[in-house]
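# Coordinate inspection notes
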Amino acid sequence: MPNRARLGSRSRRMAILAIPVTITFALTLGGLSCTSRRGPQGNGAGEPVGEAAVATANPEATAAALAVLEAGGNAADAAVTAALVLSVVQPHSSGLGGGGFLVYRRAGSAEVETLDFRETAPAAIDLAAITTGHDAKVLQDGGLAVAVPGEVAGLDEILRRFGTRSLPAAVEPARRIAERGYTIDARLAERLVARKGLLERFPASAAIFLDGGAPRGVGTPLVQRDLARSLAQLASDGPRAFYDGPIAAAMVEEVARQGGVLSRDDLRGYRPKWRTPVEGRYQGLRVVSMGPPSSGGVLLVQMLAVWERLGADAKGAPGSTEHLAALAETMRHAFADRIQALGDPDFVTVPVAELTGAAHADAIAAEIRAALGVATVPPTPAGTAPLTGGDHTSHLSVADAAGNLASMTLSINTSFGSGVTVPGYGIVLNDEMDDFSLGRDAPNVYGLVGGAANSVQPGKRPLSSMTPALVFDASGEPFAVLGSPGGPRIVSTVFQVLVALADQGLGAQEALALPRIHHQAVPDRLRLESGRFSEEIAASLVKRGYTVALEEPWSDAQVLVRRGGSWQAGSDPRGVGGAAKARIRATIPPSGPGPTVVETTP
Ligand code: DON
């Protein structure tokens with residue numbers, strides 16, 4: 001395995017030592033940049049300690065993270081604060097009812113630590129109901145779609161391990177926005193329209209997100225008092241409020257009412273897990289990302305290794321047919337491995353070293369080179385359904401002035417997850433159960449298929465594509481912090497953005513602006529971002545044997561990259577996010593003291 005023949009509260013809450021003062025920050029909102037001045041100027045507070053940078057999918061989350069950094073919080077404090085704000089301002093993307101992954105580097109350390117706070121299948125999950133109900137989307141909509149949420153436990157664990165601030169402090173900005181109301185942005189408004197049919201099936205969801213049955217419109221306030229109350233309980237009682245208190249009771253009751261099987265014991269038993277990171281090299285850079293149960297790190301590292309081996313002749317010039325075909329083949333092979341071999345490492349042995357190793361990359365590169373960029377698997381007839389959206393799920397990237405780095409991707413899976421909201425608590429529950437595989441003939445919402453490695457089992461974590469990544473240069477200095485939403489297109493997006501940063505020396509915003517392609521082996525279709533490629537290019541790819549599909553822009557990547565000794569922060573122009581950097585004068589306490597008690601996998 002693998003072979004080419006096949007694979008088809010503690011809380012050392014330290015006092016904040018110094019508060020003043022941020023000087024300038026550049027803010028990028030939905031692709032527009034501006035520079036602002038903040039805080040008292042020229043107050044003799046001394047030289048800035050250093051530079052910090054943030055990119056998230058929402059300007060309010062970016063501003064909240066920046067405020068934490070300005071006040072002397074570190075990257076973990078800022079990331080957790082931003083994640084909680086995202087749960088309020090992007091209720092369709094991530095939140096307390098979901099899960100995620102963190103990739104973190106403590107300042108001054110070469111070690112990268114990765115936390116898995118992915119959801120788990122409930123113990124009483126009913127396989128027969130899932131299989132027979134697959135066509136009725138029982139893993140996407142309603143109670144059976146809900147897996148045990150991990151975000152609350154994950155964020156708490158991150159603060160305990162790395163943070164310098166308390167959970168109540170991290171919760172407060174989110175709670176305030178939930179109570180005061182968030183002015184609905186264009187993207188959220190579009191999601192509300194698209195998901196009206198789902199939301200109206202669940203009264204607790206309709207009561208919050210619809211107004212007399214109509215989707216709340218852009219520019220109107222979304223007030224979430226119930227969610228504000230949940231956040232307040234989280235602040236006062238800690239994660240217990242969520243996993244073993246009144247919120248848990250209400251969640252279990254509502255999931256049962258909507259046909260699911262989540263239990264109080266499932267919630268009590270939930271634990272985030274520290275996992276072994278997945279690492280690789282690309283053009284002298286060290287790339288570190290999330291290991292199983294995400295496929296992200298394995299696929300990214302393999303794609304980079306193959307890409308590096310292909311050589312200029314096979315790759316052609318950026319934008320050429322050769323280049324696009326080589327990219328597509330690199331993606332296709334990685335996804336073929338995903339289908340075959342990847343799943344929750346607590347349930348199956350995942351051959352990470354082989355899949356990301358040199359011999360495997362050599363073999364794939366040789367296969368692609370031999371075909372000279374021609375599709376190496378015969379094309380199958382085009383299917384019909386385009387991939388669903390690509391902007392739910394949320395990534396955030398943070399670098400603080402001391403050198404701590406946080407790359408975090410959060411999800412409730414599809415837009416507004418299962419559609420089920422916990423009555424009285426405003427928490428939208430995930431539909432992460434759809435990330436399991438029910439076999440080769442039962443593609444999930446993203447068209448993904450899989451095998452036994454990713455089959456549904458009680459307590460198992462569904463395979464993810466989330467690819468939060470940290471990249472270091474040859475001397476070990478930070479080079480980039482990045483990640484994205486997009487379902488399986490997360491991996492291909494991160495791959496293409498990172499290649500653009502590393503190979504073409506592009507800035508963060510330039511790399512994000514490049515057109516994207518995606519291939520995931522099954523269905524056998526080469527997806528091109530519509531309006532971004534010429535008809536000639538599309539026709540030449542068809543001539544090479546590809547079944548080409550033009551699709552609406554996807555993903556919402558958030559990127560920090562070092563250029564000229566300084567951070568550049570970029571937010572995907574396809575989204576409405578915000579990227580900012582700041583000179584920080586506050587002294588940042590070191591990251592927390594180290595391991596706390598959690599389960600680890602070998
Ligand atoms: O974990 C995963 O791979 C998915 N639940 C992510 C979903 C996603 O990115 C949706 N965005 N389009």
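Summarised in this report is the structure supplied together with it. (Residues numbered from 1 in each chain as written. Predicted model: local features only at pLDDT ≥ 70, side-chain atom pairs only at ≥ 80, totals over all residues. Heavy atoms only, no water.)

## Concerning the overall build of the protein chain
To be explicit about the condition: In this description a helix means any DSSP run of H or I spanning at least four residues, a strand means any run of E spanning at least two, and both kinds are numbered starting from the N terminus. Areas reported as accessible are Shrake-Rupley estimates using a 1.4 Å probe. Residue values count occlusion only from the protein chains shown.
Secondary structure assignment for the protein chain yields 19 helices and 25 strands. Counting only carbon and sulfur atoms, one obtains 55% of the accessible surface of the protein chain, whose full area is about 19,700 Å².

## Here we look at the sheet that holds strand S17 (residues 469-472)
Short version of the rule: By definition, two strands form a pair when at least two bridges between them are found by DSSP. Axis geometry follows a simple rule: fit a line to the C-alpha atoms, using only the stretch in contact for helices, then measure angles between N-to-C directions, giving values from 0 to 180 degrees.
Spatially, S11-S12-S17-S18-S22-S23 is the arrangement adopted by the 6 strands of the open sheet, whose pairing is antiparallel. The sheet is open, and its two borders are formed by strand S11 (278-282) and strand S23 (566-571), each paired with just one other strand. Geometrically, the sheet is characterised by an average inter-axis angle of 20° between neighbouring strands, direction not taken into account. Bridge count for strand S18 (residues 478-483) against strand S22 (residues 558-563) is 4 bridges, and the pairing is antiparallel.

## Overview of the sheet that holds strand S20 (residues 526-529)
Ordered by their spatial adjacency, 3 strands build an open sheet running S19-S20-S21, and the pairing between neighbours is mixed. Each of the sheet's edge strands pairs with one partner strand only, and the pair in question is strand S19 (517-518) and strand S21 (548-551).

## Comments concerning the environment of Gly133
If you trace the backbone, Gly133 turns up in the loop between helix H3 (127-132) and helix H4 (151-162). Note: C-alpha distance between Gly133 and Leu144 (11 residues apart in sequence) is 9.8 Å.

## Some remarks on the site of the ligand
Applicable threshold: Put simply, a residue is near a molecule or strand once any heavy atom of it comes within 4 Å of that molecule or strand. What qualifies as a polar contact is a pair of N or O atoms within 3.5 Å, subject to a donor-acceptor requirement within protein and to the restriction that residues adjacent in sequence count only when both atoms come from side chains. Cavities and pockets were defined on a 1 Å grid built from protein atoms only: a cavity is a group of points that admits a 1.4 Å probe but offers it no way out, a pocket is an open group of points flanked by protein on both sides within 12 Å along at least five of seven lines, and a lining residue is one with an atom within 4 Å of any such point. Occupancy of a cavity or pocket is assigned to a molecule whenever over half of its atoms lie within 2 Å of that pocket's grid points. For this classification, the nonpolar set comprises Ala, Val, Leu, Ile, Met, Phe, Trp, Tyr, Cys and Pro, the charged set comprises Asp, Glu, Lys and Arg, and every other residue, Gly included, is treated as polar.
In the vicinity of the ligand, 18 residues are found, and the nearest of them are His392, Glu432, Asp435, Ser464 and Gly487. A distance of 2.5 Å separates a nitrogen atom of the ligand from a polar atom in the side chain of Glu432. Between the ligand and Gly487 there is a distance of 2.7 Å, counted from an oxygen atom to a backbone nitrogen or oxygen. Coverage of the ligand by the protein chains reaches 99% of its 340 Å² of free accessible surface. Taking a 2 Å distance to the grid points as the criterion, the majority of the atoms of the ligand fall inside the largest cavity. Residue composition of the shell around the ligand, by class: 4 nonpolar, 10 polar and 4 charged.

## Digging into the packing of helix H14 (residues 321-341) against helix H19 (residues 535-543)
Under the convention used in this document: Small angles under 35 degrees read as roughly parallel and large ones over 145 as roughly antiparallel, with 65 to 115 read as roughly perpendicular and the rest as oblique. Crossing handedness is read from the near helix: turned anticlockwise from the far helix by less than a right angle, it gives a left-handed crossing, and turned clockwise, a right-handed one. Should any heavy atoms of two residues lie within 4.5 Å, those residues are counted as being in contact.
Where H14 contacts H19, the two axes come as close as 10 Å, and the packing angle between them is 55°. Relative to H19, the element H14 is oriented oblique. Of the two possible hands of crossing, H14 and H19 adopt the one that is right-handed. Across the interface between the two elements, Thr321, Leu324 and Ala325 from H14 touch Ile537, Ser540 and Leu541 from H19.

## Thoughts on the pattern of salt bridges
What counts, and what does not: Here, a salt bridge means any side-chain nitrogen of Lys or Arg that lies within 4 Å of a carboxyl oxygen of Asp or Glu. Type-normalised accessible area, obtained with a 1.4 Å probe on protein chains alone, sets the label of each residue: buried when under 20%, exposed when over 50%, and partly exposed for intermediate values.
Under the defined criterion, the tally for this structure stands at 38 salt bridges. Taking the shortest distance from any N to any O, the salt bridge between Arg461 and Asp116 comes out at 3.0 Å. Linking Arg461 in the loop between strand S16 (427-428) and S17 with Asp116 in strand S5 (residues 112-117), this pair joins segments that are 345 residues apart in sequence. Given the relative accessible area of 2%, Arg461 is considered buried.

## Focus: the environment of Gly72
Relative to the elements of secondary structure, Gly72 occurs in the loop between helix H1 (59-70) and helix H2 (75-89). Along the chain, Gly72 and Arg165 lie 93 residues apart, while their C-alpha atoms are 9.6 Å from each other.

## A short note on the side chain of Lys315
Inspection of the secondary structure assignment puts Lys315 in helix H13 (residues 296-315). Within the structure, Lys315 has its side chain in polar contact with the backbone oxygen of Trp307 (distance 2.8 Å). Setting aside its immediate chain neighbours within four residues, Lys315 contacts Trp307, Glu308, Leu310, Ser320, Glu322, His323 and Ala326.

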